Amino acid sequence: MNTSEIRMIEDAYLARFYARKPITIVKGRGALVFDAEGREYVDCAGGYGTCIIGHAHPVVAEAIAQQAQKLISCHGSTYNDARAKLISKLTVILPTRFDRVFLSNSGTEAVECAIKLSRKSTGRRKIVAMKGGFHGKTYGSLSATWDSKYRKSFEPLVPDFVHIPFGNLEDAKTAISNDTAAVLVEPIQGEGGIRVPPPAWLPLLRDLTQDTGAQLVADEIQTGFGRTGRLFACEHFDITPDIMCLGKGIASGLPMAVTAANDRIMSSITVGEHSSTFGGNPIVCAAAEATINVLLEEHLVENAAKVGAYFKDQLLDLQKELRIIREVRGMGLMLGAEMRFDVHSILQKTLQNGVLMLDAGRNVLRFLPPLAIQHEHVDRVVSCLRSILVEEQLAKLPS
Ligand SMILES: Cc1ncc(COP(=O)(O)O)c(C=O)c1O
(Lines give C-alpha, C1' and ligand atoms only; values in the text may rest on other atoms or scores of the structure.)
Protein backbone atom coordinates (compact mmCIF):
# COMPACT_ATOMS: atom_id res chain seq x y z
CA MET A 1 0.00 0.00 0.00
CA ASN A 2 1.28 3.46 -0.77
CA THR A 3 0.93 6.51 1.48
CA SER A 4 -2.20 7.90 -0.15
CA GLU A 5 -4.03 4.53 0.00
CA ILE A 6 -3.11 4.10 3.67
CA ARG A 7 -4.27 7.61 4.58
CA MET A 8 -7.46 7.35 2.53
CA ILE A 9 -8.56 4.20 4.38
CA GLU A 10 -7.67 5.49 7.85
CA ASP A 11 -9.28 8.87 7.21
CA ALA A 12 -12.44 7.21 5.92
CA TYR A 13 -12.99 4.66 8.67
CA LEU A 14 -11.06 5.44 11.85
CA ALA A 15 -12.74 7.38 14.65
CA ARG A 16 -11.40 10.93 14.50
CA PHE A 17 -10.11 10.93 18.08
CA TYR A 18 -6.48 11.81 17.36
CA ALA A 19 -4.86 14.98 16.03
CA ARG A 20 -2.99 13.31 13.19
CA LYS A 21 0.52 14.08 12.04
CA PRO A 22 1.17 14.02 8.29
CA ILE A 23 3.47 11.00 8.47
CA THR A 24 2.85 7.34 7.64
CA ILE A 25 5.30 5.23 9.61
CA VAL A 26 5.89 1.76 8.24
CA LYS A 27 9.21 0.70 9.75
CA GLY A 28 11.48 1.40 12.70
CA ARG A 29 14.98 0.49 13.79
CA GLY A 30 16.59 1.67 17.04
CA ALA A 31 15.91 5.38 17.48
CA LEU A 32 14.82 5.82 13.85
CA VAL A 33 11.51 5.38 12.04
CA PHE A 34 10.86 5.31 8.29
CA ASP A 35 7.86 6.44 6.27
CA ALA A 36 6.23 4.65 3.34
CA GLU A 37 8.56 6.48 0.93
CA GLY A 38 11.64 5.32 2.86
CA ARG A 39 12.39 8.72 4.45
CA GLU A 40 14.20 8.47 7.78
CA TYR A 41 13.21 10.31 10.99
CA VAL A 42 14.87 10.53 14.40
CA ASP A 43 12.10 9.44 16.72
CA CYS A 44 11.82 11.71 19.75
CA ALA A 45 8.18 10.71 20.20
CA GLY A 46 9.00 7.03 20.73
CA GLY A 47 5.35 6.01 20.38
CA TYR A 48 4.50 8.43 23.22
CA GLY A 49 7.26 6.89 25.30
CA THR A 50 6.39 3.24 24.65
CA CYS A 51 9.48 2.44 22.65
CA ILE A 52 12.09 2.25 25.40
CA ILE A 53 14.65 -0.18 24.00
CA GLY A 54 14.42 1.01 20.37
CA HIS A 55 12.21 0.02 17.47
CA ALA A 56 12.05 -3.59 16.24
CA HIS A 57 14.70 -4.87 18.61
CA PRO A 58 15.70 -8.32 17.28
CA VAL A 59 15.65 -9.96 20.73
CA VAL A 60 12.06 -8.84 21.34
CA ALA A 61 11.00 -9.67 17.77
CA GLU A 62 12.39 -13.19 18.22
CA ALA A 63 10.70 -13.64 21.63
CA ILE A 64 7.33 -12.59 20.15
CA ALA A 65 7.76 -14.87 17.11
CA GLN A 66 8.70 -17.89 19.23
CA GLN A 67 5.84 -17.37 21.67
CA ALA A 68 3.36 -16.83 18.81
CA GLN A 69 4.22 -20.28 17.47
CA LYS A 70 3.65 -21.83 20.89
CA LEU A 71 0.66 -20.11 22.53
CA ILE A 72 -0.99 -16.74 21.91
CA SER A 73 -4.00 -16.74 24.18
CA CYS A 74 -4.09 -17.81 27.82
CA HIS A 75 -6.49 -16.28 30.32
CA GLY A 76 -5.38 -15.30 33.81
CA SER A 77 -7.53 -18.04 35.30
CA THR A 78 -4.99 -20.65 34.13
CA TYR A 79 -1.25 -20.81 34.75
CA ASN A 80 1.28 -20.03 32.01
CA ASP A 81 5.07 -20.31 31.66
CA ALA A 82 5.63 -16.99 29.82
CA ARG A 83 3.68 -15.14 32.50
CA ALA A 84 5.57 -16.87 35.34
CA LYS A 85 8.92 -15.96 33.72
CA LEU A 86 7.93 -12.32 33.42
CA ILE A 87 6.67 -12.14 36.99
CA SER A 88 9.92 -13.63 38.30
CA LYS A 89 11.80 -10.92 36.41
CA LEU A 90 9.51 -8.17 37.69
CA THR A 91 9.96 -9.24 41.30
CA VAL A 92 13.72 -8.83 40.84
CA ILE A 93 13.59 -5.31 39.41
CA LEU A 94 10.66 -3.87 41.41
CA PRO A 95 11.32 -2.47 44.89
CA THR A 96 11.09 -5.33 47.41
CA ARG A 97 7.92 -3.87 48.96
CA PHE A 98 5.97 -4.97 45.89
CA ASP A 99 5.37 -8.67 46.17
CA ARG A 100 2.22 -8.85 44.01
CA VAL A 101 1.36 -7.54 40.56
CA PHE A 102 -1.83 -7.25 38.54
CA LEU A 103 -1.26 -7.41 34.78
CA SER A 104 -3.46 -5.44 32.39
CA ASN A 105 -3.25 -3.82 28.97
CA SER A 106 -2.99 -0.05 29.26
CA GLY A 107 -1.92 2.70 31.61
CA THR A 108 -5.45 3.75 32.36
CA GLU A 109 -6.30 0.20 33.46
CA ALA A 110 -3.30 0.13 35.80
CA VAL A 111 -4.59 3.33 37.40
CA GLU A 112 -8.18 2.03 37.65
CA CYS A 113 -6.86 -0.97 39.55
CA ALA A 114 -4.80 1.27 41.86
CA ILE A 115 -7.85 3.42 42.66
CA LYS A 116 -9.95 0.36 43.45
CA LEU A 117 -7.17 -1.14 45.58
CA SER A 118 -6.69 1.98 47.65
CA ARG A 119 -10.42 2.50 48.21
CA LYS A 120 -11.04 -1.13 49.09
CA SER A 121 -7.98 -1.61 51.31
CA THR A 122 -8.43 1.62 53.30
CA GLY A 123 -12.24 1.66 53.36
CA ARG A 124 -11.99 5.36 52.41
CA ARG A 125 -13.11 7.23 49.31
CA LYS A 126 -11.13 10.44 48.91
CA ILE A 127 -8.42 10.47 46.25
CA VAL A 128 -6.00 13.39 46.20
CA ALA A 129 -4.62 13.99 42.70
CA MET A 130 -2.56 16.82 41.22
CA LYS A 131 -3.32 19.84 39.12
CA GLY A 132 -1.63 19.25 35.77
CA GLY A 133 -1.72 15.47 36.34
CA PHE A 134 -2.56 12.93 33.67
CA HIS A 135 -3.61 9.37 34.46
CA GLY A 136 -5.72 8.23 31.53
CA LYS A 137 -9.15 8.69 30.03
CA THR A 138 -11.44 5.97 31.42
CA TYR A 139 -13.81 7.17 34.13
CA GLY A 140 -11.75 6.47 37.25
CA SER A 141 -8.44 7.65 35.86
CA LEU A 142 -10.15 10.55 34.06
CA SER A 143 -11.46 11.70 37.41
CA ALA A 144 -7.83 11.95 38.55
CA THR A 145 -6.67 13.60 35.29
CA TRP A 146 -6.64 17.36 35.65
CA ASP A 147 -7.14 19.08 32.30
CA SER A 148 -10.77 20.12 31.76
CA LYS A 149 -10.44 19.62 28.00
CA TYR A 150 -10.43 15.87 28.69
CA ARG A 151 -13.09 15.96 31.43
CA LYS A 152 -15.74 18.53 30.77
CA SER A 153 -17.86 16.69 28.16
CA PHE A 154 -18.12 13.56 30.28
CA GLU A 155 -19.27 14.77 33.66
CA PRO A 156 -20.35 13.68 36.17
CA LEU A 157 -17.09 11.90 36.85
CA VAL A 158 -16.34 9.62 39.80
CA PRO A 159 -16.95 11.52 43.07
CA ASP A 160 -14.46 12.28 45.85
CA PHE A 161 -11.45 13.25 43.76
CA VAL A 162 -9.71 16.50 44.69
CA HIS A 163 -6.79 18.21 42.91
CA ILE A 164 -4.02 20.11 44.65
CA PRO A 165 -1.12 22.08 43.13
CA PHE A 166 1.78 19.85 42.01
CA GLY A 167 4.87 20.52 44.10
CA ASN A 168 3.22 22.68 46.78
CA LEU A 169 4.08 21.62 50.34
CA GLU A 170 1.40 23.59 52.20
CA ASP A 171 -1.51 22.45 50.03
CA ALA A 172 -0.42 18.83 50.45
CA LYS A 173 -0.43 19.22 54.26
CA THR A 174 -3.97 20.63 54.17
CA ALA A 175 -5.45 18.14 51.72
CA ILE A 176 -4.06 14.84 52.99
CA SER A 177 -5.98 13.75 56.07
CA ASN A 178 -7.45 10.78 57.92
CA ASP A 179 -10.18 10.35 55.31
CA THR A 180 -7.77 10.14 52.35
CA ALA A 181 -7.65 6.77 50.60
CA ALA A 182 -4.82 7.63 48.22
CA VAL A 183 -2.56 10.34 46.92
CA LEU A 184 -2.07 9.73 43.21
CA VAL A 185 0.96 11.38 41.66
CA GLU A 186 3.30 11.24 38.69
CA PRO A 187 6.81 11.66 40.14
CA ILE A 188 7.52 13.88 37.12
CA GLN A 189 4.49 15.18 35.25
CA GLY A 190 4.54 14.26 31.55
CA GLU A 191 1.43 15.46 29.76
CA GLY A 192 1.28 18.37 32.23
CA GLY A 193 4.43 19.85 30.64
CA ILE A 194 7.43 17.80 31.93
CA ARG A 195 7.38 19.19 35.45
CA VAL A 196 9.87 18.06 38.08
CA PRO A 197 8.72 18.71 41.68
CA PRO A 198 10.95 20.30 44.34
CA PRO A 199 13.17 17.62 45.95
CA ALA A 200 11.40 17.68 49.34
CA TRP A 201 7.85 17.35 48.01
CA LEU A 202 7.54 13.61 47.23
CA PRO A 203 9.22 12.68 50.54
CA LEU A 204 6.65 14.93 52.25
CA LEU A 205 3.80 13.14 50.46
CA ARG A 206 5.34 9.87 51.63
CA ASP A 207 5.38 11.09 55.26
CA LEU A 208 1.86 12.54 55.12
CA THR A 209 0.37 9.39 53.63
CA GLN A 210 2.13 7.25 56.22
CA ASP A 211 0.93 9.46 59.08
CA THR A 212 -2.71 9.51 57.93
CA GLY A 213 -3.01 5.88 56.80
CA ALA A 214 -3.49 6.91 53.18
CA GLN A 215 -1.71 5.18 50.33
CA LEU A 216 0.84 6.82 48.08
CA VAL A 217 0.21 5.74 44.49
CA ALA A 218 2.99 6.55 42.02
CA ASP A 219 1.91 6.69 38.41
CA GLU A 220 5.20 5.71 36.75
CA ILE A 221 3.51 4.90 33.46
CA GLN A 222 5.54 7.51 31.60
CA THR A 223 8.52 7.80 33.96
CA GLY A 224 9.12 4.09 34.60
CA PHE A 225 11.54 1.58 33.11
CA GLY A 226 14.52 3.87 32.86
CA ARG A 227 12.95 6.87 31.14
CA THR A 228 14.33 9.39 33.66
CA GLY A 229 17.79 7.82 34.00
CA ARG A 230 16.83 5.62 36.99
CA LEU A 231 14.78 2.43 36.68
CA PHE A 232 11.89 4.19 38.42
CA ALA A 233 11.63 7.96 38.90
CA CYS A 234 10.73 7.57 42.59
CA GLU A 235 14.37 6.55 43.12
CA HIS A 236 15.47 10.14 42.39
CA PHE A 237 13.45 11.22 45.44
CA ASP A 238 14.38 8.28 47.63
CA ILE A 239 10.81 7.13 48.24
CA THR A 240 8.90 3.90 47.74
CA PRO A 241 5.16 4.29 47.14
CA ASP A 242 2.49 1.84 48.36
CA ILE A 243 1.18 1.18 44.86
CA MET A 244 2.99 1.68 41.58
CA CYS A 245 1.42 1.88 38.11
CA LEU A 246 3.56 0.95 35.10
CA GLY A 247 2.78 0.79 31.41
CA LYS A 248 3.95 2.23 28.12
CA GLY A 249 7.39 0.73 27.36
CA ILE A 250 7.31 -2.41 29.47
CA ALA A 251 6.54 -4.72 26.50
CA SER A 252 8.24 -2.59 23.83
CA GLY A 253 4.92 -1.14 22.67
CA LEU A 254 2.72 -4.22 22.95
CA PRO A 255 -0.22 -3.48 25.26
CA MET A 256 0.80 -4.23 28.82
CA ALA A 257 0.49 -2.47 32.15
CA VAL A 258 1.26 -3.43 35.72
CA THR A 259 -0.20 -2.42 39.06
CA ALA A 260 2.21 -3.40 41.84
CA ALA A 261 1.48 -3.48 45.58
CA ASN A 262 2.21 -5.57 48.65
CA ASP A 263 0.27 -8.70 49.49
CA ARG A 264 -1.94 -7.00 52.08
CA ILE A 265 -3.14 -4.26 49.74
CA MET A 266 -3.50 -6.58 46.75
CA SER A 267 -5.44 -9.13 48.79
CA SER A 268 -8.11 -6.56 49.65
CA ILE A 269 -9.61 -7.22 46.22
CA THR A 270 -11.11 -10.68 46.17
CA VAL A 271 -11.69 -13.18 43.36
CA GLY A 272 -13.94 -11.78 40.65
CA GLU A 273 -13.91 -8.14 41.80
CA HIS A 274 -11.33 -7.12 39.22
CA SER A 275 -10.05 -8.75 36.02
CA SER A 276 -8.93 -8.19 32.44
CA THR A 277 -9.44 -10.76 29.67
CA PHE A 278 -6.17 -10.09 27.85
CA GLY A 279 -4.13 -9.09 30.92
CA GLY A 280 -0.87 -11.05 31.15
CA ASN A 281 -1.35 -12.91 27.88
CA PRO A 282 1.67 -14.97 26.79
CA ILE A 283 2.74 -12.83 23.82
CA VAL A 284 3.00 -9.59 25.78
CA CYS A 285 4.61 -11.40 28.71
CA ALA A 286 7.28 -12.84 26.40
CA ALA A 287 7.81 -9.39 24.87
CA ALA A 288 8.03 -7.77 28.30
CA GLU A 289 10.50 -10.32 29.63
CA ALA A 290 12.72 -9.81 26.56
CA THR A 291 12.38 -6.02 26.88
CA ILE A 292 13.53 -6.04 30.49
CA ASN A 293 16.47 -8.31 29.58
CA VAL A 294 17.57 -5.92 26.83
CA LEU A 295 17.05 -2.88 29.05
CA LEU A 296 19.42 -4.34 31.64
CA GLU A 297 21.93 -6.08 29.36
CA GLU A 298 22.41 -3.07 27.07
CA HIS A 299 22.60 -0.68 30.05
CA LEU A 300 19.89 1.49 28.60
CA VAL A 301 18.95 3.10 31.91
CA GLU A 302 22.53 4.35 32.18
CA ASN A 303 22.36 5.46 28.53
CA ALA A 304 19.18 7.41 29.30
CA ALA A 305 21.01 9.22 32.12
CA LYS A 306 24.11 9.90 30.00
CA VAL A 307 22.56 10.84 26.66
CA GLY A 308 19.69 12.57 28.47
CA ALA A 309 22.15 14.85 30.31
CA TYR A 310 23.87 15.63 26.99
CA PHE A 311 20.50 16.31 25.31
CA LYS A 312 19.42 18.62 28.15
CA ASP A 313 22.73 20.51 27.99
CA GLN A 314 22.26 21.02 24.24
CA LEU A 315 18.74 22.35 24.84
CA LEU A 316 20.00 24.64 27.61
CA ASP A 317 22.68 25.99 25.23
CA LEU A 318 19.96 26.61 22.68
CA GLN A 319 17.95 28.45 25.32
CA LYS A 320 20.92 30.77 25.94
CA GLU A 321 20.97 31.59 22.21
CA LEU A 322 17.25 31.92 21.64
CA ARG A 323 14.76 34.01 23.63
CA ILE A 324 11.90 31.97 22.18
CA ILE A 325 12.75 29.15 24.64
CA ARG A 326 11.38 30.03 28.06
CA GLU A 327 12.57 27.00 30.04
CA VAL A 328 14.16 23.56 29.63
CA ARG A 329 13.00 20.86 32.09
CA GLY A 330 13.16 17.15 32.78
CA MET A 331 15.39 14.25 33.72
CA GLY A 332 17.07 11.54 31.67
CA LEU A 333 15.26 11.13 28.37
CA MET A 334 12.04 12.76 29.56
CA LEU A 335 12.71 16.32 28.50
CA GLY A 336 10.65 19.38 27.73
CA ALA A 337 11.38 22.81 26.27
CA GLU A 338 8.77 25.43 27.04
CA MET A 339 8.39 28.00 24.26
CA ARG A 340 6.94 31.47 24.42
CA PHE A 341 4.43 30.44 21.73
CA ASP A 342 2.27 27.58 20.54
CA VAL A 343 4.53 24.74 19.32
CA HIS A 344 2.22 23.39 16.62
CA SER A 345 4.09 24.91 13.67
CA ILE A 346 7.47 23.89 15.15
CA LEU A 347 6.33 20.26 15.31
CA GLN A 348 5.23 20.34 11.69
CA LYS A 349 8.51 21.86 10.53
CA THR A 350 10.72 19.43 12.46
CA LEU A 351 8.73 16.59 10.92
CA GLN A 352 9.39 17.97 7.43
CA ASN A 353 13.07 18.00 8.41
CA GLY A 354 13.29 14.42 9.65
CA VAL A 355 12.59 14.72 13.38
CA LEU A 356 9.47 13.39 15.09
CA MET A 357 8.70 14.99 18.45
CA LEU A 358 5.72 15.62 20.75
CA ASP A 359 4.02 18.46 22.52
CA ALA A 360 2.89 18.56 26.15
CA GLY A 361 0.16 21.16 26.26
CA ARG A 362 0.10 24.17 23.97
CA ASN A 363 3.63 25.51 24.31
CA VAL A 364 5.94 22.71 25.47
CA LEU A 365 8.03 20.55 23.14
CA ARG A 366 8.31 17.08 24.66
CA PHE A 367 11.12 14.60 23.94
CA LEU A 368 10.58 10.90 24.79
CA PRO A 369 13.03 9.12 22.48
CA PRO A 370 13.95 5.44 22.81
CA LEU A 371 16.49 5.01 25.61
CA ALA A 372 18.90 3.60 23.02
CA ILE A 373 19.25 7.00 21.32
CA GLN A 374 22.86 8.06 20.67
CA HIS A 375 24.70 11.39 20.80
CA GLU A 376 24.71 11.73 17.00
CA HIS A 377 20.90 11.47 16.91
CA VAL A 378 20.65 14.19 19.55
CA ASP A 379 22.97 16.38 17.47
CA ARG A 380 20.67 15.93 14.47
CA VAL A 381 17.61 16.82 16.54
CA VAL A 382 19.20 19.89 18.09
CA SER A 383 20.60 21.17 14.80
CA CYS A 384 17.18 20.75 13.13
CA LEU A 385 15.49 22.48 16.06
CA ARG A 386 18.02 25.33 16.06
CA SER A 387 17.40 26.28 12.42
CA ILE A 388 13.62 26.13 12.85
CA LEU A 389 13.63 28.10 16.10
CA VAL A 390 15.88 30.79 14.62
CA GLU A 391 13.24 31.33 11.91
CA GLU A 392 10.37 31.19 14.41
CA GLN A 393 12.08 33.73 16.64
CA LEU A 394 12.69 36.09 13.73
CA ALA A 395 9.03 35.83 12.73
CA LYS A 396 7.48 35.98 16.20
CA LEU A 397 9.94 37.92 18.39
CA PRO A 398 11.66 40.44 16.07
CA SER A 399 14.28 42.30 18.11
C1 LIG B 1 1.44 9.26 33.48
C2 LIG B 1 0.43 8.55 32.64
N3 LIG B 1 -0.54 7.85 33.24
C4 LIG B 1 -1.48 7.19 32.53
C5 LIG B 1 -1.47 7.23 31.16
C6 LIG B 1 -2.54 6.49 30.39
O7 LIG B 1 -1.97 5.44 29.70
P8 LIG B 1 -2.76 4.72 28.50
O9 LIG B 1 -2.84 5.71 27.37
O10 LIG B 1 -1.89 3.53 28.17
O11 LIG B 1 -4.09 4.35 29.01
C12 LIG B 1 -0.49 7.96 30.49
C13 LIG B 1 -0.48 8.03 29.02
O14 LIG B 1 0.13 8.87 28.42
C15 LIG B 1 0.49 8.65 31.25
O16 LIG B 1 1.44 9.37 30.67
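Placed above this text is the structure.
How each quantity is defined
Residues numbered from 1 in each chain as written. Predicted model: local features only at pLDDT ≥ 70, side-chain atom pairs only at ≥ 80, totals over all residues. Heavy atoms only, no water. Pairing = 2+ DSSP bridges. Helix = DSSP H or I, 4+ residues; strand = E, 2+ residues; numbered from the N terminus. Buried < 20%, exposed > 50% of the residue type's maximum accessible area, 1.4 Å probe, protein only. Expected span 1.5 Å × (residues − 1). Arc of directions from axis to C-beta. Contact = heavy atoms within 4.5 Å.

Enquirer: Explain the pairing of strand β1 (residues 25–29) to me, please; I cannot follow it from the model alone.
Expert: Consecutive side chains along a regular strand alternate between the two faces of the sheet. Strand direction decides the pairing type here: β1 and strand β2 (residues 32–35), joined by four bridges, are antiparallel. Along β2, the bridge assignment pairs arginine 29 with leucine 32. The antiparallel pairing of β1 with β2 creates a hairpin that spans two residues between the two strands, and glycine 30 there sits at a positive phi of about 60°.

Enquirer: What is the right way to read unusual backbone geometry from this model?
Expert: Trans is the prevailing form of peptide bonds, just as negative phi is the prevailing case for residues other than glycine. Of note, the amide linkage connecting glutamate 155 to proline 156 takes the cis form, showing an omega dihedral of 5°. Mapped onto the elements of the fold, proline 156 is located in the loop between α7 (148–151) and β6 (161–164). Backbone geometry at isoleucine 194 places phi at a positive 55°, although glycine is not the residue there. For isoleucine 194, the location among the structural elements is in the loop between β7 (180–185) and α9 (201–212). In this structure isoleucine 194 comes out as buried when scored by relative accessible area, which is 0%. Despite not being glycine, serine 252 shows a phi value in the positive range, around 60°. With respect to the helices and strands, the residue serine 252 is situated in the loop between β9 (243–246) and β10 (257–261). Judged by its relative accessible area of 25%, serine 252 falls in the partly exposed class.

Enquirer: How do you make sense of the pairing of strand β15 (residues 364–367) when you look at a structure like this?
Expert: Where burial is concerned, the two faces of β15 agree: the one with Val364 and Arg366 and the one with Leu365 and Phe367 are both buried. Across four bridges, the pairing between strand β12 (residues 334–339) and β15 is antiparallel. If you follow glycine 336 over to β15, its bridge partner there is arginine 366. Pairing between strand β14 (residues 358–359) and β15: two bridges, direction antiparallel. Each bridged residue has a counterpart across the sheet, and for aspartate 359 the counterpart in β15 is leucine 365. The turn linking β14 back onto β15 is made up of four residues, and glycine 361 within it adopts a positive phi angle of 80°.

Enquirer: It is not clear to me how helix α3 (residues 58–70) should be interpreted in this structure. Could you clarify?
Expert: Owing to its 3.6 residues per turn, the α-helix aligns residues three or four sequence positions apart on the same side. Over its 13 residues, α3 extends 18 Å from the first C-alpha to the last, a length consistent with the 18 Å expected when each residue adds 1.5 Å. Considered for burial, the residues of α3 that qualify are Val60, Ala63 and Gln67. The buried side chains of α3 occupy one side of the element, clustering within an arc of 60° when seen end-on. Projecting away from the buried face of α3 at angles above 90 degrees are the exposed residues Pro58 and Gln69. Considering only its buried residues, α3 is in contact with α4 (81–93) and α11 (282–297).

Everything listed here is a matter of geometry and, on its own, says nothing about what the molecule does.
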